[in-house]
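Chain and residue survey
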2 protein chains.
Amino acid sequence: MREKYGVPFIHNYPSISHRCIQKAGAKLKFPFNCHNRTLPFHQMKLFSYLNKAFNGFPSSSKLLLVFSLSGGGLVAYSESQSTSATNNTELERLANKKKVVVLGTGWASASFLKDLDISSYDVRVVSPRNYFAFTPLLPSVTCGTVEARSIVEPIRNIVKKKNGEIQFWEAECTKIDAAKKKVFCRSSIEANLVGKKEFSLDYDYLVIATGAEVNTFNTPGVVEYCHFLKEVEDAQKIRASVIDCFEKAILPELTEEERRINLHFVIVGGGPTGVEFAAELHDFVYEDLVKLYPMVRDLVSITVIQSGDHILNTYDSRISSFAETKFARDGIDVCTGCRVLSVTDKNVNMKIKSTGEYVPVPHGMVVWSTGVTTRPVVKDFMEQIGQESMLLTCMAISALLSGMQGKRRVLATDEWLRVKGYEDVYAIGDCATIDQRKVMEDIAAIFKAADKNNSGTLNVEEFQDMIDDILIRYPQVDLHLQSEHLSSVTDLLKDPEGNARKEIDIEGFKLALSHVDSQLKSLPATAQVAAQQGAYLSRCFNRRELCKTQPEGPRRFQGQGRHEFMPFRYKHFGQFAPLGGEQAAAELPGDWVSVGRSTQWLWYSVYASKQVSWRTRVLVVFDWTRRFIFGRDSSGI
Amino acid sequence: MREKYGVPFIHNYPSISHRCIQKAGAKLKFPFNCHNRTLPFHQMKLFSYLNKAFNGFPSSSKLLLVFSLSGGGLVAYSESQSTSATNNTELERLANKKKVVVLGTGWASASFLKDLDISSYDVRVVSPRNYFAFTPLLPSVTCGTVEARSIVEPIRNIVKKKNGEIQFWEAECTKIDAAKKKVFCRSSIEANLVGKKEFSLDYDYLVIATGAEVNTFNTPGVVEYCHFLKEVEDAQKIRASVIDCFEKAILPELTEEERRINLHFVIVGGGPTGVEFAAELHDFVYEDLVKLYPMVRDLVSITVIQSGDHILNTYDSRISSFAETKFARDGIDVCTGCRVLSVTDKNVNMKIKSTGEYVPVPHGMVVWSTGVTTRPVVKDFMEQIGQESMLLTCMAISALLSGMQGKRRVLATDEWLRVKGYEDVYAIGDCATIDQRKVMEDIAAIFKAADKNNSGTLNVEEFQDMIDDILIRYPQVDLHLQSEHLSSVTDLLKDPEGNARKEIDIEGFKLALSHVDSQLKSLPATAQVAAQQGAYLSRCFNRRELCKTQPEGPRRFQGQGRHEFMPFRYKHFGQFAPLGGEQAAAELPGDWVSVGRSTQWLWYSVYASKQVSWRTRVLVVFDWTRRFIFGRDSSGI
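The model shown is predicted, which means the values in this text are computed figures rather than measured ones.

1. Topic: the overall build of chain A
The number of helices and strands found in chain A is 23 helices and 26 strands. Split into buried and exposed, the 637 residues of chain A put 54% on the buried side. Nonlocal contacts in chain A, meaning residues at least 24 apart in sequence, comprise 63% of its contacts between residues at least 6 apart. Put simply, chain A shows about 27800 Å² of open surface, and 53% of that area lies on carbon and sulfur atoms.

This is how it looks when you write it as structure tokens:
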């Protein structure tokens with residue numbers, strides 16, 4: 001620095017070891033082009049030391065080689081210019097690593113990166129967030145039950161585990177060019193940046209895991225006047241805003257009505273996030289804030305606006321009604337069957353569906369939590385690959401079939417999570433949906449493959465021989481059996497009167513499976529789905545070479561041989577709905593429903609165990625303990 | 001709500017007890033006009049219950065009366081319309097409470113409120129921050145060694161201790177009208193507020209404790225491109241910005257020079273805050289960040305720009321040089337004797353004082369920490385009461401005398417912390433300075449008072465009789481004795497040759513004390529001074545009635561009798577300078593200096609013990625422990 005700025009710095013003594021490493025680092029030459037590829041410091045230090053120690057000794061090359069064999073990729077550092085066969089193979093292997101670009105650092109991406117074997121992939125991650133957030137605890141952050149920092153883990157801590165070989169850049173992907181196998185990115189840091197903000201990355205495989213953004217349904221005023229609850233920053237803003245509402249309400253020279261409006265919290269959307277936030281807010285107000293603002297205790301009101309007939313309508317109806325009863329007891333107002341038409345700084349304007357009446361609801365603060373939609377970069381990519389129009393059609397069908405989720409326009413993938421038409425592009429998590437192949441589309445091929453003796457009819461043996469592959473390839477068949485309470489797959493072959501048949505022809509086969517596809521449902525946009533997809537995909541990546549020669553998937557009905565991998569299959573482990581006051585509801589596997597205080601403790605233990613690191617686990621448990629002892633903090637920061 | 005908005009809320013059952021309290025609350029009538037004065041909830045509930053229980057029983061009034069006697073101010077709630085003498089006296093006492101308005105929630109204000117006996121004061125606090133922040137730990141917050149929330153305590157928790165009788169409003173004071181005894185305030189909440197934002201408050205006593213704001217010395221670009229380190233939010237912003245710099249620096253397609261500039265952290269100001277931040281930043285970078293960003297380890301640089309010849313120049317020179325050596329060893333560059341002329345998004349433009357050379361210093365981030373200046377509301381008040389011009393004069397004198405602090409234009413108070421010329425307005429903390437009365441101004445009066453026999457000369461006995469009052473009233477005399485190493489005050493009476501004199505005339509007396517006033521120094525703008533002033537002032541408020549009849553202060557030299565209170569006297573308990581790497585320096589009372597690792601542990605224990613609540617104490621200690629185990633978090637939130 002001294003030379004550079006010509007400034008009389010009074011002290012500037014970089015220690016000897018730094019200089020030595022710098023010098024050593026300058027000698028590093030990699031045979032392939034790779035940004036920023038330097039060795040982790042502790043390794044560099046060690047090699048630098050060894051290098052100095054053996055300087056001038058011709059026999060040192062052997063010693064370094066021995067070291068490199070145990071050290072894996074570090075062989076490139078050897079200064080002995082060894083050209084042994086081992087060395088070359090190693091370098092070639094490194095150079096031949098496939099480039100994997102991962103977009104996003106959410107559940108899907110983190111779960112993918114966690115288990116990925118990076119010995120055969122050169123992994124680059126791009127995301128505007130340099131951390132992973134444990135999103136199911138976001139509602140707790142809104143009221144300070146848990147601190148924001150307790151639920152985030154720097155993505156580089158995952159990178160670090162892999163000896164720094166996963167590279168991460170804090171940037172937003174602005175464009176995907178699947179034809180040229182390139183993504184274009186721009187740094188999302190707003191502060192002044194010295195140098196270029198934009199860069200592009202080549203890939204061999206692309207994993208899109210950018211998640212989704214809040215869906216405002218283009219409702220006027222939502223972006224301007226509503227809080228969202230999607231990112232950690234949103235939760236922090238809500239927290240400050242709740243306190244602000246109380247500070248506003250107790251200002252002198254306000255009428256009681258004005259105080260009441262300032263303390264009217266409106267939540268639009270009665271899904272799990274909205275409901276959990278309402279519950280958290282209720283606890284925060286009545287457990288903590290009323291102690292500090294006793295004068296406005298009776299002026300606080302919380303309203304949940306839901307367009308459907310019930311809150312938590314994706315849950316079991318027992319949970320839904322338990323939640324409604326609990327909210328009624330707590331004094332949380334629930335307006336069902338109401339659609340929000342616009343939001344202003346003063347009112348939420350809604351329409352009561354049943355009467356068609358328009359009602360302005362004055363508010364102190366609004367939280368908008370009505371679902372998610374595709375991010376611009378993904379939308380752009382969909383248009384580019386012609387999925388936008390295609391998807392609308394298949395979504396329309398899917399909407400007809402499933403009666404829900406019809407409006408989500410997301411990237412369609414096959415059952416192996418590959419974006420349709422692009423073998424090298426994967427999409428996981430909230431940005432994607434699996435477009436499950438329908439049985440009726442393949443019915444002729446299935447019949448043909450099963451009819452081994454080409455008799456034109458299928459007998460029970462032939463059918464049973466094929467059924468495992470059918471069940472794997474078309475999970476809707478299994479769902480159909482369950483929903484029809486059929487104990488055996490051969491029951492499908494019974495005639496319309498219910499009598500067993502020995503053989504069935506193509507028309508009968510079509511008829512027997514005709515209702516199967518109606519079981520198709522899109523997977524919900526949850527952390528659970530995303531995490532399972534990430535883990536599934538990393539397993540596929542890890543077994544890619546193996547499965548090329550030993551495919552593990554089901555038989556191909558359209559084509560020859562077997563699929564390389566088993567298709568992705570979601571396993572639902574249940575879901576929780578914390579309802580405040582140390583009460584929670586849970587939908588557990590096997591149609592079990594559990595509600596009450598013990599369920600809250602189950603919630604605590606599950607959420608503590610699911611944390612991504614010991615650091616966040618300790619912090620979250622400490623936060624819960626702190627809340628029990630000291631309550632939640634109400635400082636307006 | 002149902003009636004109000006005409007909405008089909010499906011559940012709306014406020015519990016019986018709420019309604020009952022609301023009804024009861026409506027009957028509350030206070031005989032004096034007071035904003036928002038309602039009873040704390042638990043008390044209302046109890047009374048509401050009692051009220052119901054005895055409804056219709058005429059004898060209930062007695063029962064309630066008994067209760068009210070033990071319950072203090074609660075008597076107003078009685079529905080029995082009791083007009084007993086006791087009751088009236090109580091109400092009168094309440095109505096006669098003097099209104100105290102306190103501006104600010106910093107060290108001075110919190111310390112004043114903590115010990116104030118509110119039984120005879122009606123206290124209202126106004127501040128744009130609804131919390132007290134333990135500011136000495138702010139540098140630790142910048143790097144996540146301690147979390148922001150761990151060093152803040154809601155001011156209402158202090159309010160709560162006093163049974164809610166201190167009212168707090170989150171608002172900014174915009175104008176002080178000392179003539180009408182009124183302050184004008186405006187809510188500082190930016191979110192949409194239903195109702196009036198402005199309000200005014202009458203006072204009998206006003207305590208100004210608004211602190212100070214960062215002094216940019218009108219340097220161009222500072223406000224736009226520099227970080228400050230004054231508020232909790234500043235520290236949070238710095239933390240995010242440091243991470244951003246690292247994320248910027250590792251972006252692909254940057255040259256090494258660009259990376260180097262992005263990682264150049266510049267700190268303007270080598271005072272305690274700047275130095276501590278530089279040390280914290282160094283630890284953060286080399287203990288935590290280089291593990292996650294190993295590729296840019298050798299590109300990081302930290303520079304401290306100081307206009308004086310040394311950093312920490314208000315400390316003992318041993319500490320100053322220890323800090324400089326430590327920084328040199330750590331590779332932190334210190335540029336002394338440099339003045340910053342302007343800051344742009346790319347450069348800090350400075351002038352080397354010795355050579356007059358202008359040097360642009362490219363930076364990734366700048367922290368500006370060069371001292372404080374008066375807030376606009378205080379400046380406005382000073383102009384209003386004519387202190388602006390007066391102060392400049394006395395500051396000029398003071399600057400001449402003390403050779404430092406000359407440029408701080410702050411509210412001048414007398415030794416009892418009253419704003420000069422206003423008996424009812426007090427100013428404490430960073431917004432004020434004590435304008436210590438000079439001995440030479442009063443020399444004739446002192447001589448006259450001491451010369452009991454009106455002989456025109458002062459003998460040793462007369463002098464000794466008066467010396468205690470002189471030492472209390474003019475602490476500079478004591479300082480003079482210490483600096484001249486005089487063991488006894490009678491040494492002052494010696495003649496210029498050092499021979500003892502029995503008597504001294506007015507001219508000799510003047511000569512003897514002529515150098516005394518040069519000892520005058522303004523108190524530094526530290527938490528320690530503010531806290532002591534707050535505690536002192538609350539003691540004066542608590543003893544106001546008692547001291548009217550039994551004054552405890554020194555004799556009045558100008559006038560009759562004694563001063564009511566002892567003048568404020570600052571006691572310096574020493575100061576710390578944490579220098580990073582578990583090393584700290586400390587200036588302890590009695591010219592002791594301690595440096596090194598043990599001092600850091602002393603720092604830990606002192607700072608833990610000085611926390612305002614058990615909550616923050618536990619949190620801060622937990623944060624330190626967490627840092628030892630898991631390191632600092634580098635998530636960009």
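2. Some points on the sheet that holds strand E7 (residues 198-202) of chain B
All names here are of chain B. Strands sit in the order E7-E6-E5-E2-E1-E8-E20 across an open sheet of seven strands; the sheet is mixed. Every interior strand has two partners, whereas the edge strands, E7 and strand E20 (425-427), have only one. Geometrically, the sheet is characterised by an average inter-axis angle of 35° between neighbouring strands, direction not taken into account. Against the sheet, helix H20 (residues 527-542) contacts strand E1 (98-103), strand E2 (121-127), strand E8 (205-208) and E20, and its axis sits at roughly 170° relative to E8.

3. Concerning the nonpolar core
Judged by nonpolar contacts, the single largest core of 127 residues is most densely connected at Phe-112, Phe-246, Phe-265, Phe-327 and Phe-541 of chain A together with Ile-208 and Leu-411 of chain B. Among the elements that take part in this core, helix H12 (residues 272-292) of chain A stands out by supplying ten residues, more than any other. Beyond its immediate sequence surroundings of up to four residues, Ile-208 of chain B is in contact with Leu-103, Ile-176, Val-378, Phe-381, Leu-411, Val-425, Tyr-426, Ala-427, Ile-428 and Cys-431 of chain B. Leu-201 of chain A together with Val-232, Val-275 and Phe-576 of chain B belong to the second-largest nonpolar core, a separate cluster that totals 126 residues.

4. Notes on the packing of aromatic side chains
Here the structure, examined in full by the defined rule, presents 49 aromatic pairs over all chains. With centroids separated by 5.4 Å and ring planes inclined at 75°, the aromatic side chains of Tyr-205 of chain B and Phe-541 of chain B adopt a geometry described as edge-to-face. In this pair, Tyr-205 of chain B is assigned in strand E8 and Phe-541 of chain B in helix H20, connecting sequence segments 336 residues apart. Residue classification places Phe-541 of chain B among the buried positions, given a relative accessible area of 2%. Ring geometry for Tyr-536 of chain B versus Phe-568 of chain B: centroids 5.4 Å apart, planes at 70°, classification edge-to-face. A residue pair is termed long-range when its members are at least 10 positions apart, and Tyr-536 of chain B in helix H20 and Phe-568 of chain B in the loop between helix H21 (544-549) and strand E24 (575-580) qualify at 32 residues. Per residue, the accessibility class of Tyr-536 of chain B equals that of Phe-568 of chain B, and both read buried. Through a chain of ring-to-ring contacts, three or more aromatic side chains come together here, namely Trp-107, Phe-132, Phe-134, Phe-576, Trp-601, Trp-603, Tyr-604, Tyr-607, Trp-624 and Phe-628 of chain A. Sitting above the plane of the Tyr-474 of chain A ring, Arg-473 of chain A keeps its charged end 5.4 Å from the centroid.

5. Description of the interface of chain B and chain A
Counting residues at the interface gives 103 residues for chain B, matched by 102 residues for chain A. Taking both sides of the interface into account, the surface hidden between chain B and chain A amounts to around 9300 Å²; carbon and sulfur atoms contribute 60%. In this structure, the connection of chain B to chain A is made through ten salt bridges. For Glu-147 of chain A, the salt bridge is made with Arg-149 of chain B, and the minimal N-O distance between the two is 3.6 Å. The interface formed by chain B and chain A contains 22 residue pairs in polar contact (both at pLDDT 80 or more). Looking at the side of chain B that touches chain A, its residues break down into 48 nonpolar, 25 polar and 30 charged.

6. Notes on the relation of the copies chain B and chain A
The two copies are related by a screw motion: chain B maps onto chain A through a turn of 180° and a shift of 0.0 Å along the axis, at an RMSD of 0.1 Å. The superposition of one copy onto the other is thereby described by a two-fold rotation axis. Minimal C-alpha distance to the rotation axis in chain B is attained by Phe-622 of chain B, lying at 4.6 Å. The overlap is high: 99% of the interface residues of chain B also sit at the interface in chain A, so the same surface is used on both sides.

7. A short note on a nonpolar patch on the surface
A surface patch of nonpolar side chains, about 670 Å² in accessible area, is lined by Trp-601, Phe-628, Ile-629 and Phe-630 of chain A together with Trp-614 and Val-618 of chain B. Breaking the nonpolar patch down by element, the ones donating at least two residues are helix H23 (614-630) of chain A together with helix H23 (614-630) of chain B. Here the nonpolar patch takes three residues from H23 of chain A, the largest share from any one element. Take Phe-628 of chain A: it is sitting in helix H23. Classification of Phe-628 of chain A by relative accessible area gives partly exposed; the value is 45%.

8. Some details on the pattern of salt bridges
All names here are of chain A. Under the defined criterion, the tally for this structure stands at 74 salt bridges over all chains. Residue Asp-414 pairs with Arg-418 through a salt bridge whose shortest N-O separation is 3.1 Å. The class for Asp-414 is buried, based on a relative accessible area of 13%. Across the salt bridge formed by Arg-555 and Asp-469, the nearest N and O atoms sit 3.5 Å from each other. Of the two residues, Arg-555 is situated in the loop between helix H21 (544-549) and strand E24 (575-580) and Asp-469 in helix H17 (residues 460-473); the sequence distance between them amounts to 86 residues. You can call Arg-555 partly exposed: its relative accessible area is 24%. Judged by its relative accessible area of 7%, Asp-469 is buried.

9. Remarks on the packing of helix H22 (residues 597-609) of chain A against H23 of chain A
Residues and elements named next belong to chain A. At a minimum axis distance of 9 Å, the contact between H22 and H23 shows a crossing angle of 150°. One finds that H22 runs roughly antiparallel with respect to H23. Here Trp-603, Tyr-604, Tyr-607, Ala-608 and Ser-609 of H22 lie close against H23, whose contacting residues are Arg-617, Val-621, Trp-624, Arg-627 and Phe-628.

10. Focus: helix H17 (residues 460-473) of chain B
All names here are of chain B. Taking 1.5 Å as the rise per residue, H17 with 14 residues should run 20 Å; its terminal C-alpha atoms sit 19 Å apart, in good agreement. At Ile-467, H17 is deflected by roughly 45°, the largest bend along its length. In this structure, the buried residues of H17 make contact with helix H16 (439-450), strand E22 (457-459), helix H18 (475-483) and helix H19 (506-512).

11. Focus on the pairing of strand E6 (residues 182-187) of chain A
Residues and elements named next belong to chain A. Here E6 shows one buried face, formed by Val-183, Cys-185 and Ser-187, and one open face, formed by Lys-182, Phe-184 and Arg-186. Note: strand E5 (residues 167-177) against E6, six bridges, orientation antiparallel. In the strand pairing of E6, Ile-176 is matched with Val-183. The antiparallel pairing of E5 with E6 creates a hairpin that spans four residues between the two strands, and Lys-181 there sits at a positive phi of about 50°. Bridge count for E6 against strand E7 (residues 198-202) is five bridges, and the pairing is antiparallel. Counterpart to Phe-184 in the pairing with E7 is Ser-200.

12. Quick look at the side chain of Lys-97 of chain B
Residues and elements named next belong to chain B. Here Lys-97 lies in the loop between helix H5 (85-95) and E1. A distance of 3.1 Å separates the side chain of Lys-97 from the backbone oxygen of Ile-118, its partner in a polar contact. Other than its neighbours up to four places away in sequence, Lys-97 contacts Ile-118, Ser-119, Ser-120, Tyr-121, Asp-122, Glu-165 and Asp-204.

13. Observations concerning the sheet that holds strand E16 (residues 358-362) of chain B
All names here are of chain B. An order of E14-E15-E16 is seen for the three strands of this open sheet, with the pairing classed as antiparallel. Each of the sheet's edge strands pairs with one partner strand only, and the pair in question is strand E14 (338-343) and E16. Each strand axis lies, on average, 30° off the axis of its neighbour in the sheet, ignoring direction. As paired elements, E14 and strand E15 (residues 347-352) share five bridges and run antiparallel to each other. Bridged to Cys-338 within E15 is Ile-352.

14. Some remarks on the confidence of the model for chain A
All names here are of chain A. A residue-level look at chain A finds 81% of positions with pLDDT of 70 or above and a mean pLDDT of 82. Across residues 392-408, where pLDDT falls below 50, the model places 26 contacts with residues more than four positions away in sequence or in other chains. Across the predicted assembly, pTM comes out at 0.82 and ipTM at 0.82.

Analysis parameters
Residues numbered from 1 in each chain as written. Chains lettered and ligands numbered in written order. Predicted model: local features only at pLDDT ≥ 70, side-chain atom pairs only at ≥ 80, totals over all residues. Heavy atoms only, no water. Helix = DSSP H or I, 4+ residues; strand = E, 2+ residues; numbered from the N terminus. Buried < 20%, exposed > 50% of the residue type's maximum accessible area, 1.4 Å probe, protein only. Contact = heavy atoms within 4.5 Å. Areas by Shrake-Rupley, 256 points an atom, 1.4 Å probe, with all protein chains shown as cover. Pairing = 2+ DSSP bridges. Axes fitted to C-alpha atoms, helices over the stretch in contact; angles between N-to-C directions. Core = buried A, V, L, I, M, F, W, Y, C linked by side-chain atoms within 4.5 Å. Phe/Tyr/Trp six-rings, centres within 6.5 Å; stacked < 30°, edge-to-face > 60°. Lys NZ or Arg CZ within 6 Å of the ring centre and 35° of its normal. Buried area = accessible area lost by both parts, 1.4 Å probe. Salt bridge = Lys/Arg side-chain N within 4 Å of Asp/Glu carboxyl O. Polar contact = N/O pair within 3.5 Å; in protein donor to acceptor, adjacent residues only side chain to side chain. Nonpolar A, V, L, I, M, F, W, Y, C, P; charged D, E, K, R; others polar. Least-squares fit on C-alpha atoms with pLDDT ≥ 70 in both. Patch = residues over 30% accessible without salt bridge, like charges linked within 9 Å, V, L, I, M, F, W, Y side chains within 5 Å. Parallel < 35°, antiparallel > 145°, perpendicular 65-115°, else oblique. Expected span 1.5 Å × (residues − 1). Bend = angle between axes of the 7 residues up to and from the residue. pLDDT = per-residue confidence, 0-100.

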